[in-house]
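An overview of the molecular structure
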Amino acid sequence: MRRLFLSVILLLPVHSALAGDWPQFRGPGGTGVSEEKGLPVKWSTTENVRWKAELPGRGVSSPVIAGGRIYVTAASAYRDRRLHILCIDASNGKKLWERQLAATGSTQCHPKTSMAAPTPVTDGRHVYTLFATGDLAAFNRDGDLLWYRALERDYPEITNQVGMAASPVLAGDTLLLPLENAGDSFALGVDVKTGRNRWKVPRRRDINWVTPTIMNFRGKTAALFQTAGEITAHDATNGEILWSYKGKDLGSVPSPALVDDLVIVPGTPSVALRVLSNGNTEVVWKSRKLKAAYASPVVYKDRIYAMTDIGVSCLDAATGQEIWRERLGHGFSASPIIADGKLYVAKEEGDTSVVELGEQPKILANNDLKEPLLATPAISNGAIFLRTEKHLYCIAAKK
Amino acid sequence: MRRLGNGLLIAILLLPVVCVAADTAAEALVRLKAVGREGAGNEAATRAWKEVVRQGPAALPAILQAMDDADAASANWLRTAGDAIVEHTLTAGKSLPAEALEKFIRQSHHNGAARRLAYEWLCRLDPKTPDRLLPGMLQDPSPELRRDAVDAVLSQARSQRDKDNPDAARAGYRRALTGACDKDQVELIVKELDKLGVKVDVASHFGFVRQWLLIAPFDNHDGVGFNVAYPPEKGVDPKAVYKGKDGKEARGIPCTTTDPYGAIDLNKECGKQQGVVAYAYAVIESPKEQAIQVRAGTLNAIKIFVNGKEILHREEYHHGIDMDQYVANAILKAGRNELLLKICQNEQKEEWAQAWGFQARLCDAVGAAVPFAQVPVNSSKKQSTD
């Protein structure tokens, strides 16, 4: 009876975005699921392209969208030393403003990534941008600088020679920053109004790229920080540890997912945890069918969709049993997104597979933009936004 | 007369307002430069940023000047304020103080990033700005302006090459090389000159240190050696034999690399080992006291010491290597100087984690080699690298 009482913890994602907005990495609540309907299924470099905007540099960050404004980052110049923050009108692709920063931290990284790797986050009134160089800036929607920090000046050993890429997320008025590295390694909770630290807690010393997932836990807003060796829920307001699970070979790139009372922790194998109200955890299932690579798993209607080396696997969220798998190719740096019962899978070579979900998958289209495509798609107000190496595409039926 | 009198009256009445505004703008710039670690001073800087932007294009020269002695964080506060002013001004169809901007760019004692910023603003006003300014910037102290100047010369050299004029092309590429500091540009020039029958000593061009005394192995089991100051950190005696890892003798091994990028393979020179530390020691003679940068690349954890003072440490293993991956400022004395690198190898088993080595060069803040000579540690004979 006590056990039953302890286990009744529904792990709901926490988000407050307005309908149609896509405010952070993997959209509202970081779930990777959009409520939009009637999105295009087929497109090309010319078909169903409402507009296409040229970007001033490379990047693998996703665009975020709020109030009809798109915020996107890029890096340019020799060794990615110039950092760009752009605000683009979602209706027509016109640039509304652009601000630039000079990189203050190391720009060393794997050639696949970029200094513009973390995705910005917006509350609709402000946008918070982090670069792999540790340059962190907050702007209002008109491009006024609210505050700025050079994190590598504050903490000189947070360098990640492969390239930091985890994205900041918002929990109320606290900006959560995963700065987990081989040198100095910690998580920061930053006051969104001033940019000053609210809390700073040590984290495992190893390079890591996991964007935190936000959830409710015992009435508190908890941020799940995951590394290869553990997943820990920190109270978003003060950094206090609420619960923790130590594991082996957990993922250091994909984000954890939430479904009912389970936390799905990507790894090899992946683990489904039930978190009890006293903070203890129990393993409900483990599965090697759900592999931790680059892409984060997405949960939709009690099923988990996760990328394999060559396609997508569909698992029963309650049991971890594989229901089906489908070949889609390879090169899944971006995380899959689900909207209107369809899975959108962007691939490194530039094509996006659209798969109708059901008891068996059905590939509806494979849409090639003929440019490297490593950023996770964003969906807002009837349009799909794809950030390729050089462009931002708005994929939508022409008005 | 009456009109003149009214104008004077208005001017007198406005004078305090103008002075207050000027004071406020100057104070605002001070506040932007006063931001400290962990966001200290951000609230005041936020208000100051708005005040500076409110001043409009007239504030641009002062913003640029303020960047001269601003640290990197403050410089970004200033940069974004300048960008916002320029964007608002050009969107409104108004002009920028072009003359003041060009004057600032031409004064090479100003901060290089600020001059480059002014150059970019000026280019938005006048697309012919590069043609006018870049020809004089091949040796510019601003890395970005210099890079563009090199590109301009490269474009001319390429044009001569395509016109089948090898002498002019050769001269052009040689000229470009005198300014080139960035690896990609130097590689391109070296390749083109090679086709034209000219060999370039790449290691000398970049200022790579080629002669080392390697002292190994010291213990780094479980990474313990990174923070242990083994005897070479207290002073290198080239002829000494130290007690090394597992009781092995650690004695100096002279090593000269012929690699164009100064690479030293410690597995080859010291024998393949894991969980070990190697020291690389070089004696550098400087013709004068000079501010330099030691720039190093390694897949291993590293510490750098100049004349016994630690100037950089990074405990990161097998996450990538690149030329100029680590940059540390130092001062070379006139005469004899000691450079010591500590290169730690861990015990990862993966095939990609077996590399143990490094490269290091001495250059200025732009990345151009500084003049120095290497003194072989076992003799007094010098080998010039300048």
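Everything numeric here is computed off the predicted structure, so don't read it as measured data. (Residues numbered from 1 in each chain as written. Chains lettered and ligands numbered in written order. Predicted model: local features only at pLDDT ≥ 70, side-chain atom pairs only at ≥ 80, totals over all residues.)

Details of the overall build of chain B
Just so we agree on the cut-off: Working definition: helices are DSSP H or I runs of at least four residues, strands are E runs of at least two. Numbering for both runs from the N terminus. Here the globule rule reads 2.2 Å times residues to the power 0.38, and the radius of gyration is calculated from C-alpha atoms. Counting other C-beta atoms within 10 Å of each residue's C-beta, where C-beta atoms are placed from the backbone, gives the exposure class: buried for 20 or more, exposed for 12 or fewer, partly exposed between.
A count of helical and extended segments in chain B gives 12 helices and 13 strands. Taking 21 Å as the expected radius of gyration for a compact globule of 386 residues, we find that chain B reaches 27 Å, considerably beyond that expectation. Overall size of chain B, expressed as C-alpha extent along the three principal axes, is 100 × 60 × 40 Å. Put simply, chain B has 386 residues, and 39% of those count as buried.

Remarks on the overall build of chain A
The line we're drawing: Residues are treated as contacting if the C-beta atoms built from their backbones sit within 7 Å of each other.
On a plain count of helices and strands, chain A comes out with two helices and 33 strands. Radius of gyration (C-alpha) of chain A: 20 Å, near the 21 Å computed for a compact globule of 399 residues. On the principal axes, the C-alpha backbone points of chain A span a range of 60 × 50 × 35 Å. At a minimum sequence separation of 6, the contacts of chain A that also span at least 24 residues come to 53%.

Quick notes on the interface of chain A and chain B
Let me state the cut-off plainly: In the scheme used here, Gly and all other residues not listed as nonpolar or charged are polar, with Ala, Val, Leu, Ile, Met, Phe, Trp, Tyr, Cys and Pro taken as nonpolar and Asp, Glu, Lys and Arg as charged.
Tallying the contact residues gives 31 residues for chain A and 29 residues for chain B. Of all the secondary-structure elements, those providing two or more residues to the side of chain A that touches chain B are β6 (95–102), β10 (145–150) and α2 (151–154) of chain A. The dominant element in the side of chain A that touches chain B, judged by the number of residues it contributes, is β10 of chain A, at six residues. Across the side of chain A that touches chain B, the residue classes tally to 13 nonpolar, 11 polar and seven charged.

Points about the sheet that holds strand β3 (residues 64–66) of chain A
Residues and elements named next belong to chain A. As a reminder, the rule being used: Pairing between two strands requires that DSSP report at least two bridges joining them. Working convention: axes come from line fits to C-alpha atoms, limited for helices to the stretch in contact. Angles between N-to-C directions cover 0 to 180 degrees.
A sheet is described by the order of its strands in space; here four strands give the open sequence β3-β4-β5-β6, paired in antiparallel fashion. A strand with exactly one partner marks an edge of an open sheet, and here the two such strands are β3 and β6. Taking the axes of each pair of neighbouring strands and ignoring which way they run, one obtains an average angle of 20° across the sheet.

Some points on helix α10 (residues 183–195) of chain B
All names here are of chain B. Heads up, the condition is: In this analysis, the expected span of each helix is defined as 1.5 Å times one less than the number of residues it contains. Picture the helix axis, draw a direction to every C-beta atom, and the arc is the one those directions span.
Here α10 contains 13 residues, and its C-alpha end-to-end distance of 18 Å stays within 8% of the 18 Å for a straight helix at 1.5 Å per residue. Within the sequence span of α10, burial applies to Gln 185, Val 186, Ile 189 and Glu 192. Looking straight down α10, one finds that the buried residues subtend no more than 130° of arc, so they occupy a single side. Exposed residues on α10 whose side chains face more than 90 degrees from its buried face are Asp 184, Lys 191, Asp 194 and Lys 195. Against α8 (143–162), α9 (166–179) and α11 (202–206) lie the buried residues of α10. After α10 finishes, the residue Gly 197 shows a positive phi value of roughly 85°.

Digging into the sheet that holds strand β19 (residues 257–259) of chain A
All names here are of chain A. In spatial order, the strands read β19-β20-β21-β22; together these four strands make up an open sheet with antiparallel pairing. Each edge of the open sheet is held by one strand with a lone partner, namely β19 and β22 (281–287). The mean inter-strand angle of the sheet, taken between neighbouring strand axes irrespective of direction, is 25°. One ladder, built from six bridges, connects strand β21 (residues 270–275) with β22; its direction is antiparallel. Along β22, the bridge assignment pairs Leu 273 with Val 283.

Regarding the domain arrangement of chain B
All names here are of chain B. Here is the rule: Residue ranges assigned to the domains are those given by an automatic or database domain assignment.
Domain boundaries in chain B define domain 1 (2–127), domain 2 (143–200) and domain 3 (206–384). On a C-alpha basis, the centres of domain 2 and domain 3 stand 32 Å from each other. Across the contact, five residues belong to domain 2 and four residues belong to domain 3. When its residues are assigned to classes, the side of domain 2 that touches domain 3 shows two nonpolar, no polar and three charged.

Looking at unusual backbone geometry
The omega torsion across Thr 268 of chain A and Pro 269 of chain A is 5°, close enough to zero to call that bond cis. Looking at the element boundaries, Pro 269 of chain A is found in the loop between β20 (262–265) and β21. Across the junction of Ala 216 of chain B and Pro 217 of chain B, the peptide omega takes the value 0°, indicating a cis bond. Within the secondary structure, Pro 217 of chain B is located in strand β1 (residues 211–219). With a phi angle near 60°, Asp 80 of chain A is a residue other than glycine that sits in the positive phi range. In this fold, Asp 80 of chain A is placed in the loop between β4 (69–76) and β5 (82–89). If you check the backbone angles, Asn 381 of chain A has positive phi at about 45° while not being a glycine.

Regarding the packing of α9 of chain B against α10 of chain B
All names here are of chain B. What counts is decided by this rule: Just so you know how the angles are binned, under 35 degrees is roughly parallel, over 145 roughly antiparallel, 65 to 115 roughly perpendicular, and the rest oblique. In a left-handed crossing the near helix is turned counterclockwise from the far helix by less than a right angle, and in a right-handed crossing that turn is clockwise.
Interhelical geometry of α9 versus α10 gives an angle of 150° and a closest axis separation of 10 Å. In terms of their interaxial angle, α9 and α10 are classed as roughly antiparallel. Considering only the axes of α9 and α10, their crossing is left-handed. Contact residues: α9 offers Arg 170, Tyr 173, Ala 176 and Leu 177, while α10 offers Ile 189, Glu 192 and Leu 193. Broken down by class, the residue content of the contact of α9 with α10 amounts to five nonpolar, no polar and two charged.

A look at α8 of chain B
All names here are of chain B. The first and last C-alpha atoms of α8 sit 28 Å apart over 20 residues, in line with the 28 Å expected at 1.5 Å per residue. Looking only at α8, the buried set comprises Pro 143, Glu 144, Leu 145, Arg 146, Arg 147, Ala 149, Val 150, Val 153, Leu 154 and Ala 157. At its buried positions, α8 is contacted by α6 (112–125), α9 and α10. Count one or two residues on from α8 and you reach Asp 164, which has phi positive near 60°.

A short note on the nonpolar core
Put simply, the test is: Each nonpolar core reported here comprises buried Ala, Val, Leu, Ile, Met, Phe, Trp, Tyr and Cys residues connected via C-beta atoms within 7 Å.
Grouped together as the largest cluster of nonpolar side chains are 178 residues, with contacts concentrated most on Phe 385 of chain A together with Leu 32, Val 52 and Ala 118 of chain B. Shared between two domains, this core takes at least three residues from each, and those domains are domain 1 (2–127) and domain 2 (143–200) of chain B. Not counting residues up to four positions away in its chain, the partners in contact with Leu 32 of chain B are Ala 45, Ala 48, Trp 49, Val 52, Ser 74, Trp 77 and Leu 78 of chain B. Residues Ala 216, Cys 270, Val 306 and Ile 343 of chain B belong to the second largest nonpolar core, which totals 45 residues.

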